[in-house]
Amino acid sequence: MQTRSEILAILQGLPLAALVVDADARITLANDAALSLFGQTLLGRHHGISFRQPDFLRAVDAALTGRGGSRVRLAQSAVAQDVVYQVTVSALPDGALCVFEDYSAQEQMGQMRRDFVANVSHELRTPLTALLGFIETLQGPARNDPAARERFLGIMASEAERMSRLVRDLLHLSRVEAEELRRPTDAVDLAALLRSVASNLRAVAEAGRVQLLLEGADTPTLLRADADQMTQVMSNLIENAVKYGSPAGSTVRVSLSKEMGPRGEQLCLRVSDQGEGIEPQHIPRLTERFYRVDGHRSREKGGTGLGLAIVKHIVNRHRGRLVIESEKGKGSRFSVFLPLS
């Protein structure tokens, strides 16, 4: 029979948190990983005091009474969010062995996939329902009504374009995520890119009676970057500022400058608007997929809710940072910091 020190040595050799519950239902042994996760007061306590979830308690009881081992899910509350463990409970001659594997990442990914599918379904359902309704009307009551036909066809074209934008942005997001770990190697003049993007968006700004002011884009500024992706970053940030962040008669200021950062010299692309600003509780969630501060207004103006998520992943690929600052009534400022070294 193995001694207490031998069993503890085996537990310490495990890469996961592990502990032993004796026949009296008390935790008698735990490796350093378990003590680090669940606290130094773990030893000597009844296992039900530290782990109060019924599924886990039943699994330990089954192992202690000779009914075999099992695997159970155990959620523990943490500061930021719950931590989920997959616990393997195995019977020992005079106790039970519990091994804890952190499944939080897998649970989060599963939830993200479910949320993603639900969001995409929701975003596509509305335009599809509209298209099907108008087609049915055109095939029936409005078959011989030229005025209604023209009006409905215009709305149908708008809804079809909305779905096309959504599919396009989903493809962009998928492509960016696939390339996120590969840092770009091409030398790109970001100043030239910015001038080109600003020129393309001036018509949008003029349509909204917004002045687009460009600063620091006259001098060539080389950076290792993906030209198409950086064009997308600039387009998304400037278009968002013009469409959603700026009332008529206001100015959107776009600047490109070199600054010293925590890791040396960095390039800063900054887009500032004079809009109504964003409430503080929304700012941390702006880069989430499909998250909108004002969903109705965003959809009216053709937004898919994916623009800032795409920007975040592109900036990550370039080893940079996206910083969002806003104050209610004083506008918003979106800054992209990219390392020059």
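Right, let's walk through the structure included here. None of these values were measured; they are calculated from a predicted model.

About the cut-offs
- Residues numbered from 1 in each chain as written.
- Predicted model: local features only at pLDDT ≥ 70, side-chain atom pairs only at ≥ 80, totals over all residues.
- Heavy atoms only, no water.
- Pairing = 2+ DSSP bridges.
- Helix = DSSP H or I, 4+ residues; strand = E, 2+ residues; numbered from the N terminus.
- Axes fitted to C-alpha atoms, helices over the stretch in contact; angles between N-to-C directions.
- Contact = heavy atoms within 4.5 Å.
- Salt bridge = Lys/Arg side-chain N within 4 Å of Asp/Glu carboxyl O.
- Buried < 20%, exposed > 50% of the residue type's maximum accessible area, 1.4 Å probe, protein only.
- Patch = residues over 30% accessible without salt bridge, like charges linked within 9 Å, V, L, I, M, F, W, Y side chains within 5 Å.
- Areas by Shrake-Rupley, 256 points an atom, 1.4 Å probe, with all protein chains shown as cover.
- Lys, Arg positive; Asp, Glu negative; His and termini not counted.
- Charge placed at Lys NZ, Arg CZ, Asp CG, Glu CD.
- Expected span 1.5 Å × (residues − 1).
- Bend = angle between axes of the 7 residues up to and from the residue.
- Polar contact = N/O pair within 3.5 Å; in protein donor to acceptor, adjacent residues only side chain to side chain.
- Parallel < 35°, antiparallel > 145°, perpendicular 65-115°, else oblique.
- Left-handed = near helix turned anticlockwise from the far one by under 90°.
- Nonpolar A, V, L, I, M, F, W, Y, C, P; charged D, E, K, R; others polar.

1. Here we look at the sheet that holds strand E3 (residues 70-76)
Piece 1. An order of E2-E1-E5-E4-E3 is seen for the five strands of this open sheet, with the pairing classed as antiparallel. Of all strands in the sheet, those bounded by a partner on one side alone are strand E2 (27-30) and E3. In this sheet, neighbouring strand axes are inclined to one another by 25° on average, regardless of whether the strands run parallel or antiparallel.
Piece 2. Sitting on the sheet, helix H5 (residues 104-139) is in contact with E3, strand E4 (83-92) and strand E5 (95-102), with an inclination near 130° to E4.

2. Some remarks on the pattern of salt bridges
Piece 1. Counted according to the given criterion, the structure contains 14 salt bridges.
Piece 2. Across the salt bridge formed by arginine 67 and aspartate 61, the nearest N and O atoms sit 2.7 Å from each other.
Piece 3. For aspartate 61, a relative accessible area of 37% corresponds to the partly exposed category.
Piece 4. For arginine 73, the salt bridge is made with glutamate 107, and the minimal N-O distance between the two is 3.0 Å. With arginine 73 in strand E3 and glutamate 107 in helix H5, this residue pair connects regions lying 34 residues apart in the sequence.

3. Considerations on the environment of valine 271
Piece 1. As for its position among the elements, valine 271 is in strand E10 (residues 264-272).
Piece 2. Here valine 271 falls in the buried class, since its relative accessible area comes to 1%.
Piece 3. For the pair valine 271 and leucine 213, spaced 58 residues apart in sequence, the C-alpha separation works out to 9.8 Å.

4. Some words on a positive patch on the surface
Piece 1. Where like charges cluster on the molecular surface, the positive patch consists of Arg183, Arg263, Arg319 and Arg321.
Piece 2. Relative to the assigned elements, arginine 183 resides in the loop between helix H6 (146-179) and strand E6 (187-189).

5. Some remarks on the environment of proline 247
Piece 1. Its location among the elements puts proline 247 in the loop between helix H8 (227-243) and strand E9 (251-261).
Piece 2. Exposure remark for proline 247: the relative accessible area of 42% places this residue in the partly exposed category.
Piece 3. Sequence separation of proline 247 and valine 315 is 68 residues, and the distance between their C-alpha atoms is 28 Å.
Piece 4. With residues near it in sequence (within four places) discarded, proline 247 still touches Val210, Gln274 and Gly275.

6. Remarks on the sheet that holds strand E7 (residues 211-215)
Piece 1. Reading across from one edge, E7-E9-E10-E12-E11 is the order of the five strands in this open sheet, with mixed pairing throughout. With one partner strand each, in any of the chains shown, E7 and strand E11 (321-326) form the two edges of the open sheet. The average angle at which neighbouring strand axes cross in this sheet is 20°, direction not considered.
Piece 2. The pairing of E7 with E9 spans five bridges and is classified as parallel. Pairing of glutamate 215 across the sheet is with serine 255, part of E9.
Piece 3. Seen against the sheet, H8 touches E7, E9, E10 and strand E12 (332-339) and runs at an angle of roughly 35° to E10.

7. Observations regarding H5
Piece 1. Its 36 residues place the ends of H5 52 Å apart at the C-alpha level, agreeing with the 52 Å of an ideal helix rising 1.5 Å per residue.
Piece 2. Helix geometry: H5 is bent most strongly at arginine 125, by close to 30°, with proline proline 127 lying one to four residues after it.

8. So, the side chain of asparagine 31
Piece 1. You can see asparagine 31 is positioned in the loop between E2 and helix H2 (32-38).
Piece 2. A relative accessible area of 1% means that asparagine 31 is categorised as buried.
Piece 3. Within polar-contact distance, the side chain of asparagine 31 engages the backbone oxygen of leucine 16 at 2.9 Å.
Piece 4. If sequence neighbours within four positions are ignored, asparagine 31 has contacts with Leu11, Gln12, Leu14, Leu16, Ala17 and Ala18.

9. Comments concerning helix H7 (residues 190-207)
Piece 1. Its 18 residues place the ends of H7 26 Å apart at the C-alpha level, agreeing with the 26 Å of an ideal helix rising 1.5 Å per residue.
Piece 2. Its axis deflected by about 40° at leucine 201, H7 carries its strongest bend there.
Piece 3. Of all the residues in H7, the buried ones are Leu190, Ala191, Leu193, Leu194, Val197, Ala198, Leu201 and Ala205.
Piece 4. The N-cap of H7, judged by a side-chain oxygen 3.1 Å from the amide nitrogen of alanine 191 a few residues on, is aspartate 189.
Piece 5. Residue arginine 209 follows H7 closely and has a positive phi angle near 55°.

10. Comments concerning the packing of H8 against helix H10 (residues 307-317)
Piece 1. Two numbers describe how H8 lies on H10: the axes approach to 9 Å, and their chain directions differ by 140°. When the axes of H8 and H10 are compared, the pair comes out oblique. In this structure, H8 crosses over H10, and the sense of that crossing is left-handed. Contacts from Gln229, Met230, Gln232, Val233, Asn236, Leu237 and Asn240 of H8 reach H10 at Gly307, Leu308, Ile310, Val311, Ile314 and Arg317.
Piece 2. Looking at the contact of H8 with H10 residue by residue, the classes come out as seven nonpolar, five polar and one charged.

Note that every value here comes from positions in space, so none of it alone points to a role or purpose.
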